[in-house]
Amino acid sequence: MTENNDDTRKKISEKFERMLPQIWERARRNNEASKTEYMKQLHTKLLDDSRNQFPTSVFNTYLKGLSIVDISSDESIVFGTNSNLKKERLESEYLSLLKTSLKNITHVNYEISFVVNDFDIPDSLEGKSTDELYELAFGKEELARQKELKRNRLIQPDYDESLLNIVECVLCACDDVPNVSLSIPLKSKNVRIVSVTIKGARCSKCGESYYSMQDIDAIHKIEQLLEELYPHNRSDCQ
Ligand SMILES: [Zn+2]
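So, here's what we can say about the structure. If you're wondering where the values come from, they're calculated on a predicted model, not measured in any experiment.

1. Considerations on helix α3 (residues 56-63)
- Buried residues of α3: V58, F59, Y62 and L63, and no others. Viewed along the axis of α3, the buried residues span an arc of 100°, placing them on a single side of the element. Of the exposed residues in α3, those oriented more than 90 degrees away from the buried face are T56 and S57.

Laid out in structure tokens, this is it:
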């Protein structure tokens, strides 16, 4: 049971790590949007990993509000925080843990530095609209670009509020990523219930498929249930 979940999580994690270098490759070709996308993906993954590695209070105070300001080469990364106090504490106490997390994700031994953001990110981001948060993180231009992509997505024939409606493929930047049905194989010892079909999306150019984390969680639960209902090995199935 646990093994199935670990495997799936590992698969998702591996998939992410497979994606990162490709996004970075595009970023190197001076494509600012790709660099932004790379930093966004890395930021998400880093927060996800740090949540388990740091004590909750440390995570909430120092890590949660951390932003990636720049990655200037393959070896250096600049993090932004919102006060000098936090900057000093991060440098003196949490640098090596952060470095290890980064290395685990990217396999690069980054030189880490911190800056205090000139804009004031409130400790609590509550009450901010998604647009305001997005603008804080990625700037006005990127927000405008995203809005344009969303407007175009709305008028596509497959648009459906309850589906993913991906506006842009993170791998190849193609903006044609239609909602489609995807067949997901189930990890189970039984041989009769073998897959489920979910509504996801697939890039029409590179074929990358997308699904929601909520659906992945549901699949984990289905696999656990199958484990209970079909406890025997393949050969024992009646
Ligand atoms: Zn693609």
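Next comes the rest of the description.
2. Some remarks on the sheet that holds strand β2 (residues 76-81)
- Taken together, 3 strands build an open sheet; the order of strands is β1-β2-β3 and the sheet is mixed. The sheet is open, and its two edges are formed by β1 (67-71) and β3 (111-116), each paired on a single side. Looking at each pair of strands side by side, their axes are set apart by 30° on average, direction ignored.
- Two elements, β2 and β3, share 6 bridges in a ladder whose sense is parallel. Directly across from G80, in β3, lies its bridge partner V115.
- The strands touched by helix α4 (residues 84-106) within the sheet are β2 and β3, with β3 carrying the most contacts at an inclination of about 155°.

3. Things to note about the nonpolar core
- Counting 23 residues, the largest nonpolar core has L42, L63, I71, I77, F79, L98 and L102 as its most contacted members.
- Among the secondary structure elements, those contributing two or more residues to this core are α2 (32-53), α3, β1, β2, α4 and β3.
- Counting 10 residues, the second largest nonpolar core, distinct from the first, contains I166, C169, V170 and C203.

4. A closer look at the side chain of S50
- Within the secondary structure layout, S50 lies in helix α2.
- On the accessibility criterion, S50 (0% relative accessible area) is buried.
- For S50, the residues in contact, after removing those within four places along its chain, are F59, L63 and S101.

5. Observations concerning the coordination of the zinc ion
- Each protein donor to the zinc ion is listed here as C169 (SG), C172 (SG), C203 (SG) and C206 (SG); together their distances run 2.3 Å.
- Angles of 101 to 118° at the metal separate the 4 donor atoms of the zinc ion, which places the site in the tetrahedral class.
- For the zinc ion, all donor residues lie on one chain, and their spacing in sequence is C-x2-C-x30-C-x2-C. Each member of the pair, C169 as well as C172, carries the same accessibility label: buried.

6. Observations regarding the sheet that holds strand β6 (residues 209-210)
- Pairing within the open sheet is antiparallel, and its 3 strands lie in the order β4-β5-β6. Among the strands making up the open sheet, the edge pair consists of β4 (179-185) and β6.
- Where strand β5 (residues 195-202) and β6 come together, 2 bridges link them in antiparallel fashion. Note on β6: the bridge partner recorded for A201 is Y210.
- Its contacts with the sheet place helix α7 (residues 213-229) against β4 and β5, and it is angled at close to 170° to β5.

Basis of the calculations
All residue numbers refer to positions counted from 1 along the written sequence of the respective chain. In view of the model being predicted, local features appear only for residues whose pLDDT reaches at least 70, and side-chain atom pairs are presented and counted only at 80 or more, with totals across whole chains, interfaces and linings using the full set of residues. The side-chain figures draw on all heavy atoms in the structure; neither hydrogens nor water molecules are used. For each residue, the accessible area found with a 1.4 Å probe, counting protein chains only, is set against the maximum for its type, and the residue is called buried under 20%, exposed over 50%, and partly exposed in between. Elements are defined by DSSP. Helices are runs of H or I of four residues or more, strands are runs of E of two residues or more, and each kind is numbered from the N terminus. Throughout, the arc means that of the directions going from the helix axis to the C-beta atoms. Note on pairing: DSSP must find at least two bridges between two strands before they are called paired. Helix axes are fitted to C-alpha atoms over the stretch in contact, other axes to C-alpha atoms as well, and angles between N-to-C directions run from 0 to 180 degrees. In this analysis, two residues are considered to be in contact whenever any of their non-hydrogen atoms come within 4.5 Å of each other. Take the buried Ala, Val, Leu, Ile, Met, Phe, Trp, Tyr and Cys residues and link them wherever side-chain atoms come within 4.5 Å; each set so joined is a nonpolar core. Because no water is among the atoms considered, metal sites can look incomplete, with donors defined as N, O and S atoms within 2.8 Å of the metal, or 3.2 Å for Na, K and Ca. The rule is simple: four donors are tetrahedral if all their angles sit between 85 and 135 degrees, four are square planar and six octahedral if opposite donors span more than 155 degrees and the others lie between 65 and 115, and anything that fits none of that is irregular.

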